[in-house]
Amino acid sequence: SQQGEEDPQALSIQEGENATMNCSYKTSINNLQWYRQNSGRGLVHLILIRSNEREKHSGRLRVTLDTSKKSSSLLITASRAADTASYFCATDAGTYKYIFGTGTRLKVLA
Amino acid sequence: DSGVTQTPKHLITATGQRVTLRCSPRSGDLSVYWYQQSLDQGLQFLIQYYNGEERAKGNILERFSAQQFPDLHSELNLSSLELGDSALYFCASSPTPANTGELFFGEGSRLTVL
């Protein structure tokens, strides 16, 4: 079963708008990561947030983590057409494996 | 370019056949992960190796097997293939055995079973 589940499954916005996607997970974690996947390509790491962190920024990305709710959100500000991709969260679940969520398909319209 | 190399990029075969997918991790990375991604689905964790040893196992079918060789490259063997095995198979590497850092993904091997 999936450890993480993203919400929404799909999101369509206009260029320049902000995009927010959420990830919920089931068990305790040491860290949570967000990845981007362009259609049919390999995943690219975006950001890692540790369980003792609440918020992290990287360029136009902002990630929050709420361990009490077992949830994380990824905010992409001032979106661009090039941000069109699928976004996945991944959690370690305290084991040697990273479990990925089902992904959010983001489409940014020019 | 992540530095992770997967071959072949595309593979078409018939049901009942056997294939081998190969992964060369980034230079210096000791951990290799294998994932399966079916059409428009999330990634299913299959197996992880660290420096030649199996460290974690996920939803890997008995028809599938993997190993990591002394030079750290890894192979995923898929046998008695079924239509449902058609998917993108990703390899990822990381420098650590534990989940403390990012994974570097290859571009995947797309398997089509006819």
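What counts, and at which threshold
- Residues numbered from 1 in each chain as written.
- Chains lettered and ligands numbered in written order.
- Predicted model: local features only at pLDDT ≥ 70, side-chain atom pairs only at ≥ 80, totals over all residues.
- Heavy atoms only, no water.
- Contact = heavy atoms within 4.5 Å.
- Buried area = accessible area lost by both parts, 1.4 Å probe.
- Salt bridge = Lys/Arg side-chain N within 4 Å of Asp/Glu carboxyl O.
- Polar contact = N/O pair within 3.5 Å; in protein donor to acceptor, adjacent residues only side chain to side chain.
- Helix = DSSP H or I, 4+ residues; strand = E, 2+ residues; numbered from the N terminus.
- Buried < 20%, exposed > 50% of the residue type's maximum accessible area, 1.4 Å probe, protein only.
- Pairing = 2+ DSSP bridges.
- Axes fitted to C-alpha atoms, helices over the stretch in contact; angles between N-to-C directions.

To continue, consider the interface of chain B and chain A. Counting residues at the interface gives 25 residues for chain B, matched by 22 residues for chain A. Roughly 1900 Å² of surface becomes buried between chain B and chain A when both sides are summed, with 50% attributable to carbon and sulfur atoms. Counting every contact that joins chain B to chain A gives 1 salt bridge. Between Glu107 of chain B and Arg41 of chain A there is a salt bridge; the shortest N-O distance is 2.6 Å. For the pair chain B and chain A, the number of links is 5 residue pairs in polar contact (both at pLDDT 80 or more). Elements supplying a minimum of two residues to the side of chain B that touches chain A: strand S4 (31-37), strand S5 (43-50), strand S6 (53-57) and strand S9 (87-94) of chain B.

All names here are of chain B. Following the sequence through the fold, Asp85 ends up in the loop between strand S8 (74-78) and S9. Since its relative accessible area comes to 3%, Asp85 is described here as buried. Every residue in contact with Asp85, bar those within four places of it in the chain, is listed here: Gln36, Leu61, Arg63, Phe64, Ser80, Leu111 and Val113.

With that settled, the discussion passes to the sheet that holds strand S7 (residues 64-68) of chain B. Residue and element names in this part refer to chain B. The strand order S1-S3-S8-S7 describes an open sheet built from 4 strands, whose pairing is antiparallel. Strands at the two margins of the open sheet, each flanked by one partner only, are strand S1 (5-7) and S7. Direction aside, the axes of adjacent strands within the sheet are offset by 15° on average. Here S7 pairs with S8 via 5 bridges, running antiparallel. Directly across from Phe64, in S8, lies its bridge partner Leu78.

Below, the discussion takes up the environment of Ile47 of chain B. Residues and elements named next belong to chain B. Mapped onto the elements, Ile47 comes out in strand S5. Owing to a relative accessible area of 1%, Ile47 belongs among the buried residues under this scheme. Taking the C-alpha atoms as reference points, Ile47 and Gln67, 20 residues apart in sequence, are found 9.4 Å from one another. Dropping the residues within four chain positions of it, Ile47 is found in contact with Val32, Tyr33, Trp34, Glu54, Ala56, Lys57, Gly58, Ile60 and Ala66.

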